[in-house]
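# Understanding the architecture of this molecule
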Amino acid sequence: MGLKYSFSAAITKSTKELEQIILKSQIYQKTAGILRLKNDKQKMTLSSIILVFTKASMIDRDFNEQERQEVIKRIQRFLNLGEDETYALILETKKELQGLSGRNPDFIAAPFAYLGKVANDKTKDKLFRYLTNIVAADKKVEEEEEYLLELAGMAFGLPEKTIREYLLATELMTDLEEIQKKDEWSDSFSSGSSTEAPVIRFELQ
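Residues numbered from 1 in each chain as written. Predicted model: local features only at pLDDT ≥ 70, side-chain atom pairs only at ≥ 80, totals over all residues. Heavy atoms only, no water.

A tally of regular secondary structure across the protein gives 10 helices and 0 strands. Along the protein, helices (α) and strands (β) appear in the sequence α-α-α-α-α-α-α-α-α-α when read from the amino end. Within the protein, the fraction of its 205 residues that count as buried is 51%. Pairs at least 24 apart in sequence give 73% of the contacts found in the protein among residues at least 6 apart. Working note: accessible area of the protein is about 9900 Å², and carbon and sulfur atoms make up 49% of it. (Helix = DSSP H or I, 4+ residues; strand = E, 2+ residues; numbered from the N terminus. Buried < 20%, exposed > 50% of the residue type's maximum accessible area, 1.4 Å probe, protein only. Contact = heavy atoms within 4.5 Å. Areas by Shrake-Rupley, 256 points an atom, 1.4 Å probe, with all protein chains shown as cover.)

See the structure below:
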């Protein structure tokens, strides 16, 4: 089965069905073991973010230094974690994606579809924009990278016009990063304490 078929099928699955796929991943086990996350949804969400960002950096089979730094930066937009620890998670994910799981299109599609179901519209837009930043990090956009972005936009339920605009900006190497205030994110998982930075910043539906 092709990747597009798997993405189309994943979109029709329930959140619970998608969780069962992600739950079996090595990165989920790694995430659950080393991060101060409060519940399974946080672990599932973070695992999915790391999977989709790392997959975007690897789709052209060239994971270079620019892409490495870009993936770390984008993950840290959501996660209160140091660079070394973040990179360790990326390496674990890279290894998994290069193995048997990485050749399974259903496994690839699941985290995209999961994020499309649990994120609110603002977060889905950010996720897609960050994916385009990762793809454009090495200053060239391959056909397979553009194809994955199209599938990601479909999984996130973004309007066709929005997807096309982002793809065009990526092809032109436009800087899609807008200046963000650090306190812009409301922490959907936070207990409400303002004295400690949230472990994960992600807005739910």
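Helix H9 (residues 143-155) packs onto helix H8 (residues 121-135) with a crossing angle of 175° between their chain directions and a minimal axis gap of 11 Å. For the element pair H8 / H9, the angle class is roughly antiparallel. Residues Phe-128, Leu-131, Thr-132 and Val-135 of H8 pack against Glu-145, Leu-149, Ala-152 and Gly-153 of H9. Its residues placed into classes, the contact of H8 with H9 shows 5 nonpolar, 2 polar and 1 charged. (Axes fitted to C-alpha atoms, helices over the stretch in contact; angles between N-to-C directions. Parallel < 35°, antiparallel > 145°, perpendicular 65-115°, else oblique. Nonpolar A, V, L, I, M, F, W, Y, C, P; charged D, E, K, R; others polar.)

So, on to the packing of aromatic side chains. The tally for this structure, following the rule as stated, stands at 5 aromatic pairs. Judged by centre distance (5.2 Å) and plane angle (50°), the rings of Phe-7 and Phe-112 are tilted. Remark: Phe-112 occurs in helix H7 (residues 105-118) and Phe-7 occurs in helix H1 (residues 3-12); sequence separation between them is 105 residues. Like Phe-112, Phe-7 is buried. Between Phe-128 and Tyr-166, the aromatic rings sit 5.4 Å apart at their centres with planes inclined by 70°, giving edge-to-face as the arrangement. Taken together, the positions of Phe-128 in helix H8 and Tyr-166 in helix H10 (residues 160-171) put the pair 38 residues apart, joining distant regions of the chain. Owing to a relative accessible area of 0%, Phe-128 belongs among the buried residues under this scheme. Members of the aromatic cluster, each reached through a chain of ring pairs, are Phe-53, Phe-78 and Tyr-130. Geometry around Tyr-87 places Arg-68 over its ring, the cationic atom sitting 4.5 Å from the centre. (Phe/Tyr/Trp six-rings, centres within 6.5 Å; stacked < 30°, edge-to-face > 60°. Lys NZ or Arg CZ within 6 Å of the ring centre and 35° of its normal.)

Take empty space enclosed by the protein next. Where empty space is left can be seen by rolling a probe of water-molecule size over the atoms. One pass over the structure, following the stated rule, counts 1 cavity of 30 Å³ or more. Of the voids in this model, the largest cavity is the one considered here, and its volume is about 30 Å³. Taken together, Leu-51, Lys-55, Leu-97, Phe-107, Ile-108, Pro-111 and Phe-112 make up the full set of residues lining the largest cavity. Broken down by secondary-structure element, the contributors of at least two residues to the lining of the largest cavity are helix H4 (40-58) and H7. Examining the composition of the lining of the largest cavity, we find that 4 residues originate from one element, H7, more than from any other. Residue composition of the lining of the largest cavity, grouped by class: 6 nonpolar, no polar and 1 charged. (1 Å grid on protein atoms, 1.4 Å probe; cavity = no way out; pocket = protein on both sides within 12 Å on 5 of 7 lines; lining within 4 Å. Points joined across faces, edges and corners; volume = space filled by probe spheres on them.)

Below, the discussion takes up the pattern of salt bridges. Per the stated rule, a full pass over the model turns up 8 salt bridges. One salt bridge connects Asp-40 with Lys-43, and the closest N-O pair in it is separated by 3.8 Å. Of this pair, Asp-40 and Lys-43 both sit in helix H4, 3 residues apart, which is roughly one turn of that helix. Of the residues examined, Asp-40 reaches a relative accessible area of 48% and is grouped as partly exposed. Judged by its relative accessible area of 18%, Lys-43 falls in the buried class. Notably, a salt bridge pairs Arg-74 with Glu-70, separated by 2.7 Å at the nearest N-O pair. Here Glu-70 and Arg-74 lie together in helix H5 (residues 65-76), a separation of 4 residues that amounts to about one turn. Of the two residues, Arg-74 and Glu-70, neither departs from the other in class, the shared state being buried. If you follow the salt bridges from partner to partner, you end up with Glu-70, Lys-73 and Arg-74 in one network. (Salt bridge = Lys/Arg side-chain N within 4 Å of Asp/Glu carboxyl O.)

For the rest of this paragraph, the subject is H5. Between the first and last C-alpha of H5 there are 17 Å, a value that for 12 residues agrees with the 16 Å anticipated at 1.5 Å per step. Burial in H5 covers these residues: Glu-67, Arg-68, Glu-70, Val-71, Ile-72, Arg-74 and Ile-75. Each element contacted by the buried residues of H5 is listed here: H4, helix H6 (83-97), H8 and H9. (Expected span 1.5 Å × (residues − 1).)

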